[in-house]
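For reference, the chains in residue letters:
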Amino acid sequence: MSDAEQTPHTKMPGKLRRAQILEAATALFAETGYEGTSLRDVAERCGMTKAALYYHFTDKEALLRSVVEFRMTRMIDLISTALARVPEDQPLDRIRAFVRASASHIDNDRAGWVVGSRIFWSIEALKDRTAVVKLRDTYEGLLRAEIEKAIAAGELEDRNPGMMARMILSWVNYMPRWHRLDGPMSSEQVADGFLDMTLDGMRPR
């Protein structure tokens, strides 16, 4: 029996049920937006009652926050793993590893990326963004640190590393808006091409 086919009376371990709710909410937030998704919609997709959903999340705001925190934490773990495979003294290769891992994450979790990078930052409903902002800063900080290393090594021009990082992240974040999973190029291949063009404009002259 699939998650969507479970009845409201189906019993699941707490951790599995919470994971199921987060997956369902991610898909619905990506499909119909935050405002267009109700807790009843999420409960129905999980095959549970709305009252049972309240046991795990007190309101829709708490659910959205948990979705974004879960997705961003997993992404940071993936990025950190990718960076660990590249020697510390190769900052340009580490920048590429960061971008490729981000692009791969886009391919593997398109709905989660949409929620994290597009929906969350466009709504006003979420009052407590502290934890999510901290995760966002950690993610951006991983890229900025490698840019600073490349500048120190003379491999990139000595410009504002924060602006450099945001320029790269701007096209990374925009990719899910137009890139098709069934297109001729994967997200990773597109990211490689964009990064080559971006780094060409940052190299010392």
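Every value quoted in this text rests on a predicted model; they were computed, and no experiment measured them.

What counts as what
- Residues numbered from 1 in each chain as written.
- Predicted model: local features only at pLDDT ≥ 70, side-chain atom pairs only at ≥ 80, totals over all residues.
- Heavy atoms only, no water.
- Salt bridge = Lys/Arg side-chain N within 4 Å of Asp/Glu carboxyl O.
- Helix = DSSP H or I, 4+ residues; strand = E, 2+ residues; numbered from the N terminus.
- Buried < 20%, exposed > 50% of the residue type's maximum accessible area, 1.4 Å probe, protein only.

Draft legend 1. Examining the pattern of salt bridges more closely. One pass over the structure, following the stated rule, counts 18 salt bridges. Close ionic contact of R94 with E146 constitutes a salt bridge, the shortest N to O distance being 2.8 Å. With R94 in helix α5 (residues 91-108) and E146 in helix α7 (residues 130-152), this residue pair connects regions lying 52 residues apart in the sequence. Here E146 falls in the buried class, since its relative accessible area comes to 3%. Residue D196 is joined to R96 by a salt bridge in which the shortest nitrogen-to-oxygen separation is 2.6 Å. With D196 in helix α9 (residues 187-200) and R96 in helix α5, this pair connects stretches of sequence that are 100 residues apart. Classification of R96 as buried rests on a relative accessible area of 18%. One network of salt bridges, in which partners are shared, links E23, R71, R74 and D109.

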